[in-house]
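# Coordinates in review
Residues per chain, in single letters:
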Amino acid sequence: MVRASKEEHDAWASLLPNADQDWSWDGLYPYMLKTENFSPPVDASLTGTIVNESYHGHDGPVHVSYPQYTYQSAAAWTPTLANLGLKTTDPQGGQGWGGFITPNSIDPRDGTRSYSKTAYLDPVVNRRNLVILLQSQATKITFDTSGTVPRATGVDFAQRTNGTIYHVDAASEVIVAGGVFGTPQLLQLSGIGPKPLLDSWGIPTVVDLPGVGEHFQDHVLVSMTWTATNTTVTGDLLWQNTTLIVEEVRPGPGAQTDEQIDAFLYEAASTQYHPASTSSMLPLEKGGVVDPSLRVYNTLGLRVIDSSVIPIGMCAHLMGPTYAIAEKGAVMIKANPVPNRIPHSNLESGSERTTVSNTLVLFLTSLLALTVSGML
């Protein structure tokens, strides 16, 4: 749950001249605090943590705390770096660099993970204006193209391969939150994306939007391996005596020059599972997909609210910023409800259609799409 630095968020905002929404640190930080319910460690001195309570929120739905047990070697991390002259501080106030113990999305009451379901869905699962459809794949966003600008009118979905296609009409907006991979896929399947790509798959183009699915960012992980003097060496022994390490196995002696190291990294790199930026919030001419109000360019009644809108690679976990983006997006939606259109009455062959008024419909599967009809 480490946040990015103030400089990174301000760099994000600098890419959006004349924006009607503030995506700088000052514009997003209040929403980071709004999501957080922070619990400090019982004794920070025993865990190596440095906590500044003013950097944290305490009334939000997502629990943020620390593991119930800290290994001695981990607790020595921050004081060791401090002795070396490196900065050690609470990273949550906009200085996300240096040495620190990472806060985690842990509910301190029982040690379980706190995440979007437990924080946001479970408390409101009995709301009459909330429908959660399990094992339901959003397959297409539908549009009214009779006007000069295509207007999103609803979502098609299915509950099994080659099964019945159902349709939900949107009385207000369609909001896509399919994530870094699911969101651009759904947009492209719906005719929103690079026209050459859509043409190659026989998908009629609704909006030629070259940035959809491009500009992918991720954090890279590369592991290294050493051999030890014997098979009984433990992590604690290595901590006490690093001379027990006798040979570097990976990358090994074949990676000595810059070119060799680069070649090793290219072959050995794997994902850190922090993808972003495939529906970037950038100016249209710079490859942007959404504007500063999270609306998809050259459409009406369609927004994207997930980590795919983050336009730059951030030196932080993306969970915290994504929750903040969602909180800020929810405020935008409620402040500017967009009446859509009168739902169609005719049914397409092989499909079933329903109209949902003032209701939030969630399709929960490997791909998540939100259809908002009315107010959140």
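Residues numbered from 1 in each chain as written. Predicted model: local features only at pLDDT ≥ 70, side-chain atom pairs only at ≥ 80, totals over all residues. Heavy atoms only, no water.

Each neighbour pair has its own omega, and for Arg250 with Pro251 the value is 15°, a cis peptide bond. Look at Asn162: it is not a glycine, yet its phi comes out positive at around 60°. Within the fold, Asn162 resides in the loop between strand E7 (151-158) and strand E8 (165-170). In this structure, Tyr273 takes a positive phi of about 65° despite not being glycine. Within the secondary structure, Tyr273 sits in the loop between strand E15 (270-271) and strand E16 (302-304). Judged by its relative accessible area of 68%, Tyr273 falls in the exposed class. (Helix = DSSP H or I, 4+ residues; strand = E, 2+ residues; numbered from the N terminus. Buried < 20%, exposed > 50% of the residue type's maximum accessible area, 1.4 Å probe, protein only.)

The N-to-C vectors of helix H2 (residues 25-35) and helix H11 (residues 319-335) enclose an angle of 105°; their axes lie 8 Å apart at closest approach. Classified by the angle their axes make, H2 and H11 are roughly perpendicular. Of the residues in H11, those touching H2 at Gly27, Leu28, Tyr31, Met32, Lys34 and Thr35 are Tyr323, Ala324, Ile325, Glu327, Lys328 and Val331. Looking at side-chain class alone, the contact of H2 with H11 contains seven nonpolar, two polar and three charged residues. (Axes fitted to C-alpha atoms, helices over the stretch in contact; angles between N-to-C directions. Parallel < 35°, antiparallel > 145°, perpendicular 65-115°, else oblique. Contact = heavy atoms within 4.5 Å. Nonpolar A, V, L, I, M, F, W, Y, C, P; charged D, E, K, R; others polar.)

The next thing to look at is H2. What H2 keeps buried is the set Trp25, Gly27, Leu28, Tyr29, Tyr31, Met32 and Thr35. Residues of H2 that are buried in the fold lie against helix H1 (6-14), strand E1 (36-38), strand E2 (62-64), helix H6 (116-121) and H11.

Along its 17 residues, H11 runs 25 Å from first to last C-alpha, staying within 8% of the 24 Å computed at 1.5 Å per residue. Among all positions of H11, only Gly320, Pro321, Tyr323, Ala324, Ile325, Glu327, Lys328, Gly329, Ala330, Met332 and Ile333 are buried. For H11, the secondary structure elements touched by its buried residues are H1, H2, E2, H6, strand E9 (173-176) and E16. (Expected span 1.5 Å × (residues − 1).)

Tracing the backbone through its elements, the reader meets Thr78 in helix H5 (residues 77-83). By relative accessible area, which is 3% here, Thr78 ends up buried. Thr78 has contacts with Gly48, Thr88, Gly99, Phe100 and Ile101, leaving out every residue within four places of it along the chain.

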